[in-house]
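Residue strings, one per chain:
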Amino acid sequence: MKFTAFALLACAGSAAAFAPSSSRQTRSAALFMSDGNPFGGKSLEYTGGSDPNNANYVKLSSALNEADIERRKIREEAERRERAAEIRREELMEKIAYMKDMPDDKEAGTVDDFMFKEGVQDQLDKLDRELVGLVPVKSRVKEIAALLVLDKMRRKLGFETAVPSLHMSFTGAPGTGKTTVAVRMGQILAKMGYSRRGHVVLATRDDLVGQYVGHTAPKTKEMIKKAMGGLLLVDEAYYLYNAANDRDYGQESIEILLNVMENNSEDLVVAVAGYKDRMDQFFLIIPGLMSRIGNHIDFPNYQADELVKIAGVMADQLEYDIRDDAYPVFKDYIEKRMELPYFSNARTVRNAMDRARMNSAIRIFEKYAIEGKDGGECTVSDLMAITKDDFQLLVDEIDNADAEKVIFS
């Protein structure tokens, strides 16, 4: 009996010793309720360890993702090309069916309709009015216009067409109308839908070639960017290449132009201009340029009678009236001026007209402002008139000057 009571007391003490206290229960609850990790919080979480190769696991995962994206892009691009090819096949079959069923006598419209409706005839008429003479040049421009008109008529009927080579070469002396023809050609191309804007950008070596390494490409590309959708006219193009200087950067500009002429011919027309003999030599040095130009137009020098007519056109545009007895005096001046250096055809005529206008202004000012004739009141006819005396001053200047020492305009 004593043993039993003692055993009971011992068991009760042992149970109390092993029973969890209230503080232990609190700590245990807090342990399991904090972050769910009963083994010490974040100390056992994987942090990559100290092995330097552990970063390769992240790189491999990124590479796999990038490979998946690349495969998807390749697949989408292949599907796009396949769809585009399918569309082209469908369009070709529709075109074949259309051409097969089209009667031979189907009307496409008259040439005159296209010439007038598209505004081409208007541009050709302006060219006739602005350029005196130059019959071969006008004929070549009309031939190009005819090609564009007929090409558009073929497209209207569904015939297969291709943009003809429109790059040009203008050869001739200064003042023979190269820039004027370039402007008209740009407008004709715009009217016919062969260029977006039809404007003309004039460039020389200074606009295209840089002075140091890395300067030429940006300059050339900037001029090309300005001319996109129109016509780029490179005046005196042979100065782009300087064979005497091994460090000249003009060759880089030429290579960029050749690349653009080949790959962007549908959005830019390039015309090169200069003296015929120098341009011929330039084409020999740069054969790739010659092969890319399909239209070569030579501008002949004007005759004296043609230059006199040009003076009349300029006077009409400026609302001046050249008196009838003044024309023979002006022709005498032109014939003498043609024998002197630096003669520039229509540019010389323009300079002479500017001088004649100045002489007219001085004459009227002295007559009415200084001498006080008619109370200082001049008429409209006085303000418009260019007389033989205004041109005679130019003739006297040549007759009385030493041609070897004086530079005439």
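Residues numbered from 1 in each chain as written. Predicted model: local features only at pLDDT ≥ 70, side-chain atom pairs only at ≥ 80, totals over all residues. Heavy atoms only, no water.

Looking at the overall build of the protein
Part 1: Along its length, the protein carries 17 helices and seven strands.
Part 2: Looking at the 409 residues of the protein, the share that counts as buried comes to 34%.
Part 3: Taking the intrachain contacts of the protein between residues at least 6 apart in sequence as the baseline, contacts between residues at least 24 apart amount to 76%.
Part 4: Total accessible area on the protein stands at roughly 25,500 Å², and carbon and sulfur atoms take up 54% of it. (Helix = DSSP H or I, 4+ residues; strand = E, 2+ residues; numbered from the N terminus. Buried < 20%, exposed > 50% of the residue type's maximum accessible area, 1.4 Å probe, protein only. Contact = heavy atoms within 4.5 Å. Areas by Shrake-Rupley, 256 points an atom, 1.4 Å probe, with all protein chains shown as cover.)

With respect to the environment of N263
Part 1: Position of N263 relative to the elements: it lies in helix α10 (residues 250-263).
Part 2: Take N263: its relative accessible area is 52%, and that puts it in the exposed class.
Part 3: Engagement of the side chain of N263 in a polar contact is seen with the side chain of N259, the distance being 2.7 Å. (Polar contact = N/O pair within 3.5 Å; in protein donor to acceptor, adjacent residues only side chain to side chain.)

Describing the packing of helix α13 (residues 304-317) against helix α14 (residues 327-337)
Relative orientation and spacing of two packed helices are given, respectively, by the angle between their axes and the distance between those axes.
Part 1: One way to put it is that α13 packs onto α14 with a least axis distance of 10 Å and a crossing angle of 125°. If you check the angle between α13 and α14, you find them oblique. For the pair α13 and α14, the sense of crossing is right-handed. Along its contact with α13, which presents A304, D305, L307, V308, A311 and G312, the element α14 presents Y327, F330, K331, I334 and E335.
Part 2: Grouping the constituent residues of the contact of α13 with α14 by class yields seven nonpolar, one polar and three charged. (Axes fitted to C-alpha atoms, helices over the stretch in contact; angles between N-to-C directions. Parallel < 35°, antiparallel > 145°, perpendicular 65-115°, else oblique. Left-handed = near helix turned anticlockwise from the far one by under 90°. Nonpolar A, V, L, I, M, F, W, Y, C, P; charged D, E, K, R; others polar.)

Quick notes on unusual backbone geometry
Part 1: Residue L134 is not a glycine yet carries a positive backbone phi of 50°.
Part 2: Here L134 shows up in the loop between α5 (120-130) and α6 (135-157).
Part 3: Accessibility expressed as a relative area gives 4% for L134, which makes it buried.
Part 4: At N345, a position not held by glycine, the phi torsion is positive, near 55°.
Part 5: Its location among the elements puts N345 in the loop between α14 and α15 (346-370).

Here we look at a nonpolar patch on the surface
Part 1: Residues V380, L383 and M384 make up a contiguous nonpolar surface patch of roughly 270 Å² in combined accessible area.
Part 2: With respect to the helices and strands, the residue V380 is situated in helix α16 (residues 380-384).
Part 3: By relative accessible area, which is 58% here, V380 ends up exposed. (Patch = residues over 30% accessible without salt bridge, like charges linked within 9 Å, V, L, I, M, F, W, Y side chains within 5 Å. Salt bridge = Lys/Arg side-chain N within 4 Å of Asp/Glu carboxyl O.)

Concerning the nonpolar core
Part 1: The biggest cluster of nonpolar side chains holds 57 residues, and the ones touching the most others in it are F170, V181, F330, V349, M353 and F391.
Part 2: Ignoring anything within four residues of it in the chain, the contact list for M353 reads A311, M314, A315, I322, I386 and F391.
Part 3: With 29 residues, the next largest nonpolar core counts L208, V209, I254 and M261 among its residues. (Core = buried A, V, L, I, M, F, W, Y, C linked by side-chain atoms within 4.5 Å.)

Quick look at the layout of surface pockets
Part 1: A volume near 560 Å³ is recorded for the largest pocket.
Part 2: What lines the largest pocket is a set of 25 residues, among which G175, G177, T180, A346 and R347 lie closest to the centre.
Part 3: Of all elements in the fold, only α7 (178-191), β3 (231-235), β4 (269-274), α13 and α15 reach the threshold of two or more residues within the lining of the largest pocket.
Part 4: Its residues placed into classes, the lining of the largest pocket shows eleven nonpolar, eight polar and six charged.
Part 5: In terms of lining, the second largest pocket is formed by 13 residues, of which the most central are R155, V163, G193, Y194 and E266.
Part 6: Tallied by class, residues from the lining of the second largest pocket come to four nonpolar, four polar and five charged. (1 Å grid on protein atoms, 1.4 Å probe; cavity = no way out; pocket = protein on both sides within 12 Å on 5 of 7 lines; lining within 4 Å. Points joined across faces, edges and corners; volume = space filled by probe spheres on them.)

As far as function goes, none of this settles anything; it's purely spatial.
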